[in-house]
Amino acid sequence: MLDVRRVQKTFNPGTPNEVRSLKGVDLALVEGEFVVIIGTNGSGKSTMLNAVGGSFFVDAGAIHLDGRDVTRWPEHRRAGMIGRVFQNPFSGTAPNLSIAENLALSARRGRRRGLGWALRGDLRSQIHEVVRSLNMGLETRLDNEIGNLSGGQRQALTLLMATWLKPKLLLLDEHTAALDPKSADQVIHLSGELISRDNLTTLMVTHSMHQAVNLGERLIMMHRGQILHDFRGAEKRRLRVDDLLGRFEEVRRADLLDETAAEMLRRKYV
Amino acid sequence: MSLLIGALTIGFILSLLALGVLISFRIFAFPDITAEGSITLGAAVAAILLVNAWSPLAATTIAVLAGMTSGAATGVLHTRFRINGLLAGILVMTALYSINLHVMGRSNIPLLKATTFVTRAEEAGSFLLGGRESLNLFGWDVSTRDLSVLLFSLAVALLVGAVLYVFFRTDLGTAMRATGDNSQMIRAMGVSDGNMIVLGLAVSNGLVALAGALLAQYQGFSDVQMGIGMLVWGLASVIIGEALVGVRQLGYTVTGAVMGSVLFRLLVAIALRWGLDPNDLKLITALFVFVALILPGLLAKVKMSKAGAAHA
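Residue indices begin from 1 for each chain and proceed along its sequence in written order. Each chain takes a letter, starting from A, and each ligand takes a number, starting from 1, following the order in which they are written. For this predicted model, a pLDDT threshold of at least 70 governs which residues receive local features, and a threshold of 80 or more governs which side-chain atom pairs are given and counted, while totals over whole chains, interfaces and linings are taken from all residues.

1. Focus: the overall build of chain B
Phase 1: Along the backbone of chain B there are 12 helices and four strands.
Phase 2: Its C-alpha atoms give chain B a radius of gyration of 20 Å, near enough to 20 Å, the size a compact globule of 312 residues would have.
Phase 3: Seen through its C-alpha atoms, chain B measures out along the principal axes to roughly 70 × 50 × 40 Å.
Phase 4: The burial tally for chain B puts 49% of its 312 residues in the buried class.
Phase 5: Of the contacts formed within chain B by residues at least 6 apart in sequence, a portion of 77% connects residues at least 24 apart. Put simply, DSSP marks the helices as runs of H or I at least four residues long and the strands as runs of E at least two long, and each gets a number from the N terminus on. In this setup the radius of gyration rests on C-alpha atoms only. A globule is expected at 2.2 Å times the number of residues raised to 0.38. Every C-beta atom is placed from the backbone, and the number of other C-beta atoms within 10 Å of a residue's own sets its class: buried at 20 or more, exposed at 12 or fewer, partly exposed in between. Note on contacts: each residue gets a C-beta atom placed from the backbone, and two residues are in contact if those atoms are within 7 Å.

Okay, structure coming up:
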């Protein structure tokens, strides 16, 4: 379904702030696969998601989605196939539009928008149904501005919007990181429900070891712009938080070793 | 009385300008100074066609299309070439000054002999009233001519406001509002935010050009200088409208912009009547908008410091 080949991305090339964020990453997802990405800060996990989503073009490599080469497609064109939920709970909704209007926008994701009434009668009742399924009591406030809702409520609605039209690929970018623990639980629960209900091909970035271990059928660990580990099947199911912590500790030691080794060499030869 | 009617008429005509500014400034938060060129462009195109005996409807329609083109030009400069929005508007506005001179062939075109919407409205009015020159309205003598032009401009303002409201409730219009609200979100919904800005500025400047075309027909001439200060004028109308209606719901803001434009024009007429030097008008307008822009922040600060004092 998704095929990422030898993708490279460097930010601020040729300046002191140059960051080689992705160093030739390969990743392939089959249809219906739920993959969780975890990694250290600056490992390139969010960059990876944004490269697939089309927030920027990659410097080298190719991205194929559902058999089509989308490498040079702008973000809004890819959105016809991709549903996205961002880390910032305010990024996924238009604050001055009502709940109903926001959902109506998502009911035409990637489709032509003409001069038809946005909140047609049948769509309104569908929106009512879907919002009621959240059990947040929001179905009585459909005409209220979405900006008045809490981050958790907005993130839950963003999830509904991203999956209203079944996307070929769902991208979740640390979408519970900015929420309080209770809302984070609710949103992660809802994510799991929607993903398994529609058998959605999903790529989820998280910073939570707990989520990484308990969710998805495949776990990818990234470090310094590369994929370090790819746990699948039984290996993924056996994985515990302690194992992951162990892997991170290994990474940390390797880094330290690199630095001390470099320092030693410098003292000796420079 | 004719002063009041004149102020109301211009207020309704310029409410189209306010609606245009409402789109660029309030929906896209884009201070689009193209308006100062496109209002003149609308007047210029309408005027040159009218003196060449085109029908008022055709002349005004082409004026609107010309305005839409100039708005789209600003939008393309901003979105495709990534020029700062204010600068993009200044570039197009400056270019339009020369274009307007070329369109008119000189700096001023009088429309006294041409058949315009105003003459059409007068004809209709006198036909309905059986050819009477004036009408007794609440004890005042009102000329049929003034009254019919007022009713015509009121009808246009209401019609355009209603069409705009309906447009903003369609799929396309909703996407346009969302673009100004959260461009990242609308891209994730599969809409090109750049295209939406180009389209929005085209609609905005089409409305502004319509205001220019009607203003030229009302005042009986088109002048290359008539756009100066018009953006601030539109902003003032929008801000007054928001203060009048209070809430920022769609239907209210559209109505508010029309009401704000009329009220502002009335205030200006009264101030001029009381002896305000017309040369000071733009200074006062600018000061007014300045105060209106900083007032909400100042009030919040006062509230905060009061709350702080109460706390201590």
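2. Quick look at the overall build of chain A
Phase 1: A count of helices and strands for chain A gives nine helices and 10 strands.
Phase 2: Rg of the C-alpha trace for chain A: 20 Å, near the compact-globule value of 18 Å for 270 residues, within the 12% margin.
Phase 3: Overall size of chain A, expressed as C-alpha extent along the three principal axes, is 75 × 40 × 35 Å.
Phase 4: Sequence separation of at least 24 residues holds for 69% of the intrachain contacts in chain A that already meet a minimum separation of 6.

3. Concerning the pairing of strand 6 (residues 82-85) of chain A
Residues and elements named next belong to chain A.
Phase 1: With burial as the criterion, each face of strand 6 is covered, one bearing Ile82 and Arg84 and the other bearing Gly83 and Val85.
Phase 2: Here four bridges tie strand 6 to strand 7 (residues 169-173), and the two strands are oriented parallel to one another. Across the sheet, Arg84 pairs through a bridge with Leu171, a residue of strand 7. When DSSP locates at least two bridges between a pair of strands, those strands are taken to pair.

4. Details of the sheet that holds strand 9 (residues 218-223) of chain A
All names here are of chain A.
Phase 1: Here six strands make up an open sheet; going across it, the order is 6-7-8-3-9-10 and the pairing mixed. Edge strands, defined here as strands with exactly one partner in the open sheet, are strand 6 and strand 10 (226-232). Averaged over all pairs of adjacent strands, the angle between their axes in this sheet comes to 15 degrees, without regard to strand direction. Here an angle of 0 to 180 degrees is reported between the N-to-C directions of two axes, which are lines fitted to C-alpha atoms, with helices fitted over the stretch in contact.

5. Let's talk about the packing of helix 1 (residues 2-27) of chain B against helix 9 (residues 193-219) of chain B
Residues and elements named next belong to chain B.
Phase 1: Interhelical geometry of helix 1 versus helix 9 gives an angle of 165 degrees and a closest axis separation of 8 Å. Taken together, the axes of helix 1 and helix 9 lie roughly antiparallel to each other. Every pair of crossing elements has a handedness; the one defined by helix 1 and helix 9 is left-handed. Contacts from Thr9, Ile10, Ile13, Leu14, Leu16, Leu17, Leu19, Gly20, Ile23, Ser24 and Ile27 in helix 1 reach Gly200, Leu201, Val203, Ser204, Asn205, Leu207, Val208, Leu210, Ala211, Leu214, Leu215 and Tyr218 in helix 9.
Phase 2: Three categories are distinguished: nonpolar for Ala, Val, Leu, Ile, Met, Phe, Trp, Tyr, Cys and Pro, charged for Asp, Glu, Lys and Arg, and polar for the others, with Gly belonging to the last. Tallied by class, residues from the contact of helix 1 with helix 9 come to 17 nonpolar, six polar and no charged. Between 65 and 115 degrees an angle is taken as roughly perpendicular, under 35 as roughly parallel, over 145 as roughly antiparallel, and anywhere else as oblique. By definition, turning the near helix anticlockwise from the far helix through less than a right angle yields a left-handed crossing, and turning it clockwise yields a right-handed one.

6. Quick word on the environment of A:Leu119
Residue and element names in this part refer to chain A.
Phase 1: Its place among the elements puts Leu119 in the loop between helix 3 (99-106) and helix 4 (121-132).
Phase 2: In the structure, Leu119 is positioned 131 residues away from Glu250 in sequence and 54 Å away in space, judged by C-alpha atoms.
Phase 3: Dropping the residues within four chain positions of it, Leu119 is found in contact with Ala100, Glu101, Ala104 and Arg124.

7. A short note on helix 9 of chain B
All names here are of chain B.
Phase 1: A helix is expected to span 1.5 Å for every residue after the first. Spanning 27 residues, helix 9 covers 39 Å between terminal C-alpha atoms, matching the ideal 39 Å at 1.5 Å per step.
Phase 2: Along helix 9, 23 of the 27 residues are buried, which leaves the element largely enclosed by surrounding structure.
Phase 3: Positive phi shows up at Gly220, right after helix 9, with a value of about 85 degrees.

8. A closer look at the pairing of strand 1 (residues 2-11) of chain A
Residue and element names in this part refer to chain A.
Phase 1: Bridging between strand 1 and strand 2 (residues 19-29) involves eight bridges; their strand directions are antiparallel. Note on strand 2: the bridge partner recorded for Gln8 is Lys23.
Phase 2: The pairing of strand 1 with strand 4 (residues 60-65) spans five bridges and is classified as antiparallel. Bridging across to strand 4, Gln8 finds its partner in Ala60.

9. Considerations on the interface of chain B and chain A
Phase 1: Between chain B and chain A, the residue contacts involve 18 residues of the former and 25 residues of the latter.
Phase 2: Elements represented by at least two residues in the side of chain B that touches chain A include exactly helix 7 (171-181) and helix 8 (183-188) of chain B.
Phase 3: A per-element tally of the side of chain B that touches chain A places helix 7 of chain B first, with seven residues.
Phase 4: When grouped by side-chain class, the residues that make up the side of chain B that touches chain A number seven nonpolar, six polar and five charged.

10. Points about unusual backbone geometry
Phase 1: Here the phi dihedral of A:Glu174 falls at roughly 45 degrees; this positive angle occurs in a residue that is not glycine.
Phase 2: Here A:Glu174 shows up in the loop between strand 7 and helix 6 (181-198).
Phase 3: At B:Ala29, a position not held by glycine, the phi torsion is positive, near 50 degrees.
Phase 4: Mapped onto the elements, B:Ala29 comes out in the loop between helix 1 and helix 2 (34-51).

11. What to know about the environment of B:Ile33
Residues and elements named next belong to chain B.
Phase 1: Secondary-structure assignment places Ile33 in the loop between helix 1 and helix 2.
Phase 2: The spatial distance from the C-alpha of Ile33 to the C-alpha of Leu86 is 6.9 Å, given a sequence separation of 53 residues.
Phase 3: Setting aside its immediate chain neighbours within four residues, Ile33 contacts Leu86, Gly89, Ile90, Met93 and Leu231.

12. Let's talk about the sheet that holds strand 1 of chain A
Phase 1: One open sheet holds the four strands; their spatial order is 2-1-4-5 (chain A), and the pairing between them is antiparallel. Two strands close off the open sheet at either side, each with one partner strand: strand 2 and strand 5 (68-69) of chain A.

13. Quick word on helix 5 (residues 117-128) of chain B
Residue and element names in this part refer to chain B.
Phase 1: Between its first and last C-alpha, helix 5 extends 16 Å over 12 residues, near the 16 Å set by a 1.5 Å rise per residue.
Phase 2: Listing the buried residues of helix 5 in full gives Phe117, Val118, Ala121 and Gly125. One face of helix 5 carries all of its buried residues, which in axial projection span an arc of 100 degrees.
Phase 3: In the core, the buried residues of helix 5 are packed alongside helix 3 (56-79), helix 6 (144-168) and helix 9.
Phase 4: Positive backbone phi, at 70 degrees, marks Gly130, one or two positions downstream of helix 5. By definition, the arc is the one covered by directions from the helix axis to the C-beta atoms.

14. With respect to the nonpolar core
Among soluble globular proteins, nonpolar side chains are generally buried collectively.
Phase 1: By size, the foremost hydrophobic cluster in this structure holds 158 residues, and its most contacted members are A:Ile37, B:Leu16, B:Leu17, B:Leu19, B:Ala46 and B:Ala211.
Phase 2: Looking at this core element by element, the count peaks at 16 residues for helix 9 of chain B.
Phase 3: The contact partners of B:Ala211, leaving out residues within four places of it in the chain, are B:Ile13, B:Leu14, B:Leu16, B:Leu17, B:Ile39 and B:Gly42. Think of a nonpolar core as buried Ala, Val, Leu, Ile, Met, Phe, Trp, Tyr and Cys residues, each tied to the set through C-beta atoms within 7 Å.

15. Things to note about the packing of helix 3 of chain B against helix 4 (residues 85-104) of chain B
Residues and elements named next belong to chain B.
Phase 1: Close contact between helix 3 and helix 4 brings their axes to 9 Å; oriented N to C, the two are set at 140 degrees. One way to sum up the angle between helix 3 and helix 4 is to call them oblique. For the element pair helix 3 and helix 4, the recorded crossing hand is right-handed. Of the residues in helix 4, those touching helix 3 at Ser70, Ala73, Thr74, Leu77 and His78 are Gly85, Ala88, Gly89, Leu91, Val92 and Leu96.

16. Some words on the environment of A:Lys268
Phase 1: Within the secondary structure layout, A:Lys268 lies in helix 9 (residues 241-269).
Phase 2: It is 31 Å that separates the C-alpha atoms of A:Lys268 and A:Ser21, two residues lying 247 residues apart in sequence.

Treat this as a map of the structure, not an account of what it does.
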